[in-house]
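# Survey of secondary and tertiary structure
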Amino acid sequence: MGGDGEYRAYHNRCTHIGHRRLDPVPGTNTVQCCSVNHSTFDCCGEKMAGPARHSIKSFPVENDQGKLIISIS
Ligand code: FES
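Residues numbered from 1 in each chain as written. Predicted model: local features only at pLDDT ≥ 70, side-chain atom pairs only at ≥ 80, totals over all residues. Heavy atoms only, no water.

## What about the overall build of the protein chain?
Across its full length, the protein chain holds zero helices and eight strands. Counted from the first residue to the last, the protein chain has its helices and strands arranged as β-β-β-β-β-β-β-β. Seen through its principal axes, the protein chain has C-alpha atoms that stretch 40 × 30 × 15 Å. The buried share of the protein chain, taken over its 73 residues, is 23%. Nonlocal contacts in the protein chain, meaning residues at least 24 apart in sequence, comprise 31% of its contacts between residues at least 6 apart. One way to put it: in the protein chain the 8 positive side-chain charges average out to a point 13 Å from where the 7 negative ones average out. (Helix = DSSP H or I, 4+ residues; strand = E, 2+ residues; numbered from the N terminus. Buried < 20%, exposed > 50% of the residue type's maximum accessible area, 1.4 Å probe, protein only. Contact = heavy atoms within 4.5 Å. Lys, Arg positive; Asp, Glu negative; His and termini not counted. Charge placed at Lys NZ, Arg CZ, Asp CG, Glu CD.)

This is the structure we're talking about:
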């Protein structure tokens, strides 16, 4: 969940050569690569910083009375 209360889903792989895992950055609406280069993406998957080649794919999330539905097609 982002700081705006919305749920978001994204493909959890950096688009840099290592394709490493991304983790939320506390206190921000960003996720960051676990590698030493720390490519950073905003909450919609857009690349903000680092050597990643492009943005990450994000998926729409619907909150149906507390049941989260993620559309991955
Ligand atoms: S694999 Fe993410 S910055 Fe290199």
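## Re the sheet that holds strand β4 (residues 40-42)
Across the sheet, which stays open at both edges, the four strands sit in the order β2-β3-β4-β5 with antiparallel pairing between neighbours. The open sheet is flanked by β2 (22-24) and β5 (47-49), the only strands paired with a single partner. For this sheet the average axis-to-axis angle between neighbouring strands, irrespective of direction, equals 35°. (Pairing = 2+ DSSP bridges. Axes fitted to C-alpha atoms, helices over the stretch in contact; angles between N-to-C directions.)

## Overview of the nonpolar core
The biggest cluster of nonpolar side chains holds seven residues, and these are C14, L22, V31, C33, F41, A52 and I56. The residues touching L22, leaving out its near neighbours within four places in the chain, are Y10, H11, N12, R13, C14, V31, Q32, C33, F41 and I56. (Core = buried A, V, L, I, M, F, W, Y, C linked by side-chain atoms within 4.5 Å.)

## Here's the deal with the pairing of strand β8 (residues 67-70)
Here four bridges tie strand β7 (residues 61-64) to β8, and the two strands are oriented antiparallel to one another. Among the inter-strand pairings, E62 is bridged to a residue of β8, identified as I69. The turn linking β7 back onto β8 is made up of two residues, and Q65 within it adopts a positive phi angle of 55°.

## What about the pattern of salt bridges?
All told, the structure shown has one salt bridge when counted by the stated rule. With a closest N to O distance of 2.9 Å, R21 and D23 form a salt bridge. Among the residues examined, D23 registers a relative accessible area of 28% and is labelled partly exposed. (Salt bridge = Lys/Arg side-chain N within 4 Å of Asp/Glu carboxyl O.)

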